[in-house]
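# Residue-level structural notes
These are the residues of each chain, in order.
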Amino acid sequence: MSEAPPLPTKGGEPRKPASQRIPGIALPFVGDRAKKMLDIVEKFVEEECIPSDLVWQAQLGTGDERWDGHPSILEDLKKKAKSLGIWNMFLPKNHYSNLSEYDPTNSAGAFTNLEYGLMCELLGRARTASEACNCAAPDTGNMEVIARYGTADQKKKWLTPLLAGQIRSGFLMTEPDKASSDGSNISLNIRKEGNELVLNGSKWWSSGAGDDRCKIYIVMGRDNDADDSVDRYKRQSMVLVPSDAKGLTVHRMLSVYGYDDAPHGHGHITFKDVRVPASNILLGHGRGNEIMQGRLGPGRIHHAMRSIGAAEVALEWMIARLNDERKVPFGKPLREHGVLIDWVARSRLEIDAAKLVVLNASVKIDQGDAKGALVEIAESKILTPNMALTVIDRAVQAHGAMGVCQDTPLASMWAHLRTLRIADGPDEVHLNQLGRRENRARAQECIDRIQMQKQKAAELMKQYGVQEKQLGGSKVAGFAAQSYLQSKL
């Protein structure tokens with residue numbers, strides 16, 4: 001990657017620390033400890049992680065060797081993060097405040113969803129930041145699942161090393177031959193034989209499967225004895241499956257617009273009579289969709305806030321490009337071309353608006369749980385990736401040909417953020433559910449309100465004698481008002 005263009009030396013002021021940039025509407029919900037931590041995270045990301053991203057890429061190497069690569073700089077970043085206390089920040093304290101028995105770092109359960117969301121925005125600015133703080137997907141969601149639904153034995157065996165950063169994990173839900181956006185379609189077969197569960201089927205987009213540190217999968221499948229008479233959303237279960245289980249085959253790694261995400265990877269995996277102890281079931285048979293919704297809710301907030309961080313980076317690159325004195329098309333610098341300044345303004349508006357939507361969802365989760373914040377989570381899930389993609393695309397366009405190559409982070413950012421319009425439920429599913437819920441909840445209310453307003457308007461028209469005494473335009477206006485109200489019924 002080439003160096004960023006030089007920044008202007010006049011007219012700018014030092015940026016305030018993260019704790020002083022918290023939106024005013026969210027400020028009452030952020031504690032002093034979280035404010036202090038925000039500044040520590042920001043300094044770590046800006047001064048350690050972003051400069052380390054290029055070193056990480058270089059250390060990873062080229063070709064197939066990347067799948068066995070564990071860049072030492074990332075391990076050094078992890079040590080620094082632990083020493084700074086910015087480790088396992090993702091487990092919200094209203095749900096996970098008592099994990100000391102399983103957490104060797106004693107760091108989990110310290111912050112609310114809102115507080116961690118603000119930290120997620122900062123982590124989203126660097127490739128290495130989330131993993132350096134043990135806050136990377138899919139591990140975060142998997143740790144939440146085991147912490148919330150796992151037995152004591154499951155926590156001791158898998159949650160403890162995950163919280164310590166000693167191993168990584170995968171989440172296997174999506175299937176190549178099913179419309180997996182509907183969880184009731186998941187069909188990998190789970191059959192109980194004595195004290196064992198036998199798994200047969202296929203999964204793909206198994207994120208994390210390429211990493212040899214990935215030691216445990218959470219696998220969603222359909223219970224063999226759950227026939228069509230069972231509620232369609234109570235047919236699936238989740239099972240803990242060690243990644244070295246006999247009969248499990250990783251066939252290939254899938255790429256995202258040409259990026260294969262080595263060594264993390266997105267695997268295509270088959271299960272052929274894979275056997276695990278029956279005690280590896282999570283929560284109970286038929287509870288898979290229930291667990292999935294509990295897992296994906298907070299995860300969608302994490303993705304959304306990281307997307308906002310990426311959008312902020314893209315805006316910074318755009319502004320730097322506009323002020324690169326070497327770029328003078330048609331006789332004037334880029335910053336004097338009105339359309340580009342318009343892009344900057346629109347990007348600022350859209351980022352700030354999206355952030356408020358996501359923070360609102362975070363507060364709603366903190367005040368109850370993810371189930372009570374379905375509408376707000378859906379709004380965040382739909383709005384934020386689309387916003388970030390728009391901002392990044394503007395930054396790409398501002399850079400011209402440079403924007404689509406490896407000399408800036410923009411192309412890679414766009415490719416990976418594009419997946420968020422599909423991952424954790426495609427936009428269309430969330431839009432459909434959001435629209436149906438809004439219509440169902442408000443249909444009669446809207447009809448009744450407009451009917452009341454129409455009736456009141458008719459009474460006022462009669463009271464003031466508008467129809468009898470007013471002529472011309474006023475009478476027409478009165479008729480138009482009534483027609484409008486009638487059209488709403």
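Conventions we followed
Residues numbered from 1 in each chain as written. Predicted model: local features only at pLDDT ≥ 70, side-chain atom pairs only at ≥ 80, totals over all residues. Heavy atoms only, no water. Helix = DSSP H or I, 4+ residues; strand = E, 2+ residues; numbered from the N terminus. Buried < 20%, exposed > 50% of the residue type's maximum accessible area, 1.4 Å probe, protein only. Contact = heavy atoms within 4.5 Å. Lys, Arg positive; Asp, Glu negative; His and termini not counted. Charge placed at Lys NZ, Arg CZ, Asp CG, Glu CD. Salt bridge = Lys/Arg side-chain N within 4 Å of Asp/Glu carboxyl O. Pairing = 2+ DSSP bridges. Polar contact = N/O pair within 3.5 Å; in protein donor to acceptor, adjacent residues only side chain to side chain. Bend = angle between axes of the 7 residues up to and from the residue. Patch = residues over 30% accessible without salt bridge, like charges linked within 9 Å, V, L, I, M, F, W, Y side chains within 5 Å. Areas by Shrake-Rupley, 256 points an atom, 1.4 Å probe, with all protein chains shown as cover. Disulfide = S-S within 2.5 Å.

### Notes on the overall build of the protein
Looking only at helices and strands, the protein features 13 helices and seven strands. Reported as C-alpha extents along the three principal axes, the dimensions of the protein are approximately 90 × 70 × 45 Å. Per-residue burial for the protein yields a buried fraction of 50% across its 489 residues. Counting only contacts in the protein whose residues sit at least 6 apart along the sequence, the fraction spanning at least 24 positions is 74%. Here the protein carries 64 positive and 61 negative side-chain charges, and the mean point of each set is 4 Å from the other.

### Digging into the pattern of salt bridges
Side chains bearing opposite charge may pair, as long as their charged atoms lie close to each other. In total, this model carries 36 salt bridges according to the counting rule given. We note a salt bridge from Asp 342 to Arg 346, for which the minimum N-O separation is 2.8 Å. Here Asp 342 pairs with Arg 346, and both are found in helix H8 (residues 338–367), just four residues apart, close to one helical turn. On the accessibility criterion, Arg 346 (44% relative accessible area) is partly exposed. With its nearest N and O atoms 3.2 Å apart, the salt bridge here joins Glu 376 to Lys 364. Here Glu 376 is found in helix H9 (residues 374–399), whereas its partner Lys 364 is found in helix H8, with 12 residues between them in sequence. Owing to a relative accessible area of 14%, Glu 376 belongs among the buried residues under this scheme. Note on Lys 364: relative accessible area 32%, which makes it partly exposed.

### Quick look at the pairing of strand S4 (residues 214–223)
Taking burial as the measure, the 10 residues of S4 include eight buried ones, the bulk of the element. Note: strand S1 (residues 168–172) against S4, five bridges, orientation parallel. The partner of Arg 168 across the bridge, within S4, is Cys 214. Taken together, the seven bridges between S4 and strand S5 (residues 236–242) define a ladder with antiparallel strand orientation. Residue pairing for S5: Val 219 is matched across the bridge by Val 239.

### Considerations on the side chain of Arg 66
Relative to the helices and strands, Arg 66 is located in the loop between helix H1 (32–60) and helix H2 (72–84). Judged by its relative accessible area of 17%, Arg 66 falls in the buried class. Here the side chain of Arg 66 touches Asp 260 through a polar contact of 2.6 Å, side chain to side chain. Not counting residues up to four positions away in its chain, the partners in contact with Arg 66 are Leu 60, Gly 61, Asp 260, Ala 262 and Pro 263.

### Concerning H1
For H1, the principal kink sits at Asp 53 and spans about 40 degrees. For H1, the elements touching its buried residues are H2, helix H3 (113–123) and helix H4 (129–132). Once H1 ends, the next one or two residues include Gly 61, with phi positive near 90 degrees.

### Focus on a negative patch on the surface
The grouping of Asp 64, Glu 65, Asp 68 and Asp 212 at the surface amounts to a negative patch. Looking at the secondary structure, you find Asp 212 in the loop between strand S3 (196–207) and S4.

### Here's the deal with the state of the cysteines
For the coordinates displayed, the defined rule picks out zero disulfides. Sulfur of Cys 135: no disulfide; nearest cysteine sulfur belongs to Cys 133 and is 5.6 Å away.

### Notes on helix H6 (residues 152–163)
Here H6 has its buried residues at Gln 154, Lys 155, Trp 158, Leu 159, Pro 161, Leu 162 and Leu 163. Against helix H5 (139–149), S1, S4 and S5 lie the buried residues of H6. Once H6 ends, the next one or two residues include Gly 165, with phi positive near 75 degrees.

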